[in-house]
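Residue-level structural notes
Listed below are the residues making up each chain.
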Amino acid sequence: MTDPLELLQPFIEQSRWFGGKGRAFTLTGVRRLGEVPGHVADGPRVAIDLATLAYEDGGEDEYYQVPLAFYPEPQARLEHAYIGEWADGDFGTSHVYDAVHDREAMACWLRSFAAPPEGLALSFHRLPGHELDVEAHSTLFTGEQSNSSVAFGEDSLLKVFRKITPGVNPDIAIHDVLTRAGSEHVAALYGWLQCPALRQEGENGDAVLQLAMLQQFLRTATDGWDLALASVRNLFAEADLHADEVGGDFAGEAARLGEALAETHHTLADHFPVEERASDDLGALAAAMNRRLDAALDVVPDLAAHADELRHVYAALSGLPGVRVQRIHGDLHLGQTLRTVRGWKIVDFEGEPAKPLSERALPDSPWRDVAGMLRSFDYAPRVVERTWGEDQEGAIEQRAYRAAEWSTRNRDAFLAAYAGRDLTPEERTLLEAYVADKAVYETVYETRNRPTWVGIPLAAVARIGVS
Ligand SMILES: Nc1ncnc2c1ncn2[C@@H]1O[C@H](COP(=O)(O)OP(=O)(O)O)[C@@H](O)[C@H]1O
Ligand SMILES: O=P(O)(O)O[C@H]1O[C@H](CO)[C@@H](O[C@H]2O[C@H](CO)[C@@H](O)[C@H](O)[C@H]2O)[C@H](O)[C@H]1O
């Protein structure tokens with residue numbers, strides 16, 4: 001029998017959703033947030049614990065959610081999700097499993113959403129308009145995710161947030177507003193789970209922990225990133241044809257994606273505050289971009305060769321008359337888009353994972369999202385290019401040429417459809433700065449997460465100011 005702290009430390013460390021990889025930490029506490037009701041005979045007791053992580057590098061403590069399934073006997077079918085055996089104050093000595101892998105445990109969650117119990121610490125909230133299929137079996141999504149997503153048949157999808165920050169979760173807040181507004185470009189929100197945040201005496205701050213979001217399962221969805229890669233491969237396979245001549249041309253989809261983003265921005269502007277920022281604020285924006293570059297230079301020394309050019313692009317912001325800011329997506333790229341038979345949907349409104357929650361909800365320029373998409377249209381062909389395999393020198397040059405052609409064609413189609421007109425010189429200056437800022441962010445992201453890909457954003461940084 002082991003202490004939960006000792007059991008959960010390696011479990012968290014090894015989980016793919018753990019965002020602090022590479023940083024040494026100690027688990028300093030595990031707090032029971034509540035029991036998920038709906039226990040049935042022979043089924044597990046299901047509870048949600050919150051683990052507190054203290055980092056040795058002195059960074060702020062972080063909280064991670066661990067939904068657990070407690071069984072009196074070992075469960076062979078759940079061996080892959082076994083955490084350990086512990087003496088639990090509420091459930092007695094139990095064999096404990098990661099609940100998101102367990103159909104029996106997730107059925108308790110679903111039943112709780114279908115008929116939200118009252119008076120418990122865990123409160124299940126629902127939006128009207130959709131009756132849940134409580135018979136649907138759960139399946140855990142695999143893949144590189146920072147949260148855990150569980151599909152209930154083809155009816156609903158539960159996103160269990162892993163890293164928990166006290167306060168309103170932007171993904172829930174934005175889905176709530178866009179769903180109630182009837183937006184066609186998000187999966188409808190069905191509900192969410194929250195509980196009160198325990199506050200120390202004298203401590204201020206938001207008094208809620210938002211733990212999970214239940215939404216429409218997009219049955220017919222294909223990932224926008226996968227579609228883009230397929231289109232590039234199509235082009236590369238047809239060495240003699242141009243991007244507009246091959247069957248898998250993506251420009252029509254890129255344009256529809258531009259329209260979907262424009263409509264989403266309009267709906268967000270209608271329902272969240274919009275502010276006009278004066279010229280002075282653009283100086284502050286340039287300063288923030290310069291600070292991000294300073295920090296990036298410590299992580300990616302190769303950026304130094306391009307620092308002057310980048311600072312020049314940011315300095316141009318100070319000459320602009322002002323900027324309109326509003327609620328935006330904040331971390332938009334092709335991997336956050338899904339093509340369904342009913343058009344494009346945008347997912348994951350959590351914002352940039354590296355930013356504190358309080359910053360992510362601040363109004364920002366919609367051009368930041370546009371810049372994110374433009375960067376993604378650059379990434380897709382470069383990723384295919386680097387994985388296409390060994391070949392003759394001439395063919396490699398040909399592919400580099402085609403990669404640039406694909407990228408330009410789709411960026412232009414997306415931008416034209418987004419704006420519906422030519423951009424003003426001021427808008428171009430703003431967009432160029434956001435694109436540069438995003439590419440700098442990506443050099444850090446790739447260095448930390450996929451070092452062999454860092455050449456993609458570095459090459460983009462090197463092109464800045466050249467064209
Ligand atoms: N409503 C949905 N229906 C079907 N699949 C979805 C839905 N929302 C997201 N997905 C899929 O789940 C993946 C992860 O979702 P996302 O919200 O980006 O999670 P994370 O924050 O963990 O990265 C997406 O790339 C997408 O393929
Ligand atoms: O999806 P997340 O919110 O976790 O975003 C992070 O990871 C993304 C990679 O999955 C990263 O996106 C970068 O790589 C994409 C290709 O994999 C590319 O399409 C994007 O343009 C590029 O920025 C994102 O930056 C990061 O925040």
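Residues numbered from 1 in each chain as written. Chains lettered and ligands numbered in written order. Predicted model: local features only at pLDDT ≥ 70, side-chain atom pairs only at ≥ 80, totals over all residues. Heavy atoms only, no water.

1. What to know about the environment of Leu374
By secondary structure assignment, the location of Leu374 is in helix α9 (residues 366–387). Assessed through its relative accessible area of 10%, Leu374 is described here as buried. Taking C-alpha positions, Leu374 is 9.6 Å from Leu332, a pair spaced 42 residues apart along the chain. Those residues in contact with Leu374 that lie beyond four places of it in its chain are Arg411, Phe414, Leu431 and Val435. (Helix = DSSP H or I, 4+ residues; strand = E, 2+ residues; numbered from the N terminus. Buried < 20%, exposed > 50% of the residue type's maximum accessible area, 1.4 Å probe, protein only. Contact = heavy atoms within 4.5 Å.)

2. Considerations on the sheet that holds strand β16 (residues 337–340)
Taken in spatial order, the three strands of this open sheet run β13-β16-β17, and their pairing is antiparallel. If you trace the sheet from one side to the other, it starts and ends with β13 (222–223) and β17 (343–346), each paired once. (Pairing = 2+ DSSP bridges.)

3. Concerning the site of ligand 1
Ligand 1 sits among 18 residues. The nearest are Asn147, Lys159, Gln216, Leu218 and Asp348. Between ligand 1 and the protein, one listed contact pairs an oxygen atom with a side-chain N or O atom of Asn147 at 2.9 Å. Between ligand 1 and Lys159, the relevant distance is 2.7 Å, taken from an oxygen atom to a side-chain nitrogen or oxygen of the residue. Against a free-state accessible area of 560 Å², the protein chains account for coverage of 86% of ligand 1. (Near = heavy atom within 4 Å. Polar contact = N/O pair within 3.5 Å; in protein donor to acceptor, adjacent residues only side chain to side chain. Areas by Shrake-Rupley, 256 points an atom, 1.4 Å probe, with all protein chains shown as cover.)

4. So, the packing of helix α3 (residues 170–180) against helix α5 (residues 251–271)
Their axes nearest at 10 Å, the elements α3 and α5 cross at an angle of 95°. Here α5 runs roughly perpendicular to α3, going by the angle between their axes. For the pair formed by α3 and α5, the contact residues are Ile174, Val177 and Leu178 on the first element and Thr264, Thr267, Leu268 and His271 on the second. Its residues placed into classes, the contact of α3 with α5 shows four nonpolar, three polar and no charged. (Axes fitted to C-alpha atoms, helices over the stretch in contact; angles between N-to-C directions. Parallel < 35°, antiparallel > 145°, perpendicular 65-115°, else oblique. Nonpolar A, V, L, I, M, F, W, Y, C, P; charged D, E, K, R; others polar.)

5. Considering the environment of Asp226
The topology assignment puts Asp226 in helix α4 (residues 224–237). Sequence-wise, Asp226 and Gln210 are 16 residues apart; in three dimensions their C-alpha atoms are separated by 30 Å.

6. Some remarks on helix α2 (residues 103–114)
The terminal C-alpha atoms of α2 lie 16 Å apart, and with 12 residues this matches the ideal 16 Å at 1.5 Å per residue to within 8%. Those residues of α2 that sit buried are Ala105, Met106, Ala107, Cys108, Trp109, Leu110, Ser112 and Phe113. Where α2 begins, the side chain of Asp102 points an oxygen toward the backbone nitrogen of Glu104, at a separation of 3.0 Å. (Expected span 1.5 Å × (residues − 1).)

7. So, unusual backbone geometry
A positive phi angle is found at Asp42, which is not glycine, with a value near 70°. The residue Asp42 is located in the loop between β1 (25–36) and β2 (45–55) in this model. On the basis of relative accessibility, which here comes to 78%, the residue Asp42 falls in the exposed class. Positive phi, close to 60°, is recorded for Asp348, a residue that is not glycine. Of note, Asp348 is situated in the loop between β17 and α8 (357–360).

8. A look at the domain arrangement of the protein chain
Here the protein chain is partitioned into domain 1 (4–216) and domain 2 (222–463). On a C-alpha basis, the centroid separation for the pair domain 1 and domain 2 is 32 Å. Counting residues at the interface gives 20 residues for domain 1, matched by 16 residues for domain 2. When domain 1 packs against domain 2, close to 1,600 Å² is buried across both sides, 62% of that on carbon and sulfur atoms. With a closest N to O distance of 3.8 Å, Lys159 and Glu350 form a salt bridge. The interface formed by domain 1 and domain 2 contains seven residue pairs in polar contact (both at pLDDT 80 or more). (Domains from an automatic or database assignment. Buried area = accessible area lost by both parts, 1.4 Å probe. Salt bridge = Lys/Arg side-chain N within 4 Å of Asp/Glu carboxyl O.)

9. Let's talk about the site of ligand 2
Around ligand 2, a shell composed of 14 residues is seen, among which Asp331, Ser376, Tyr441, Glu442 and Tyr445 lie nearest. Within the side chain of Asp331, a nitrogen or oxygen atom sits 2.6 Å from an oxygen atom of ligand 2. Here ligand 2 loses 85% of its free accessible area of 530 Å² to cover by the protein chains. Broken down by element, the residue count for the shell around ligand 2 peaks at four residues, all from helix α11 (residues 425–449).

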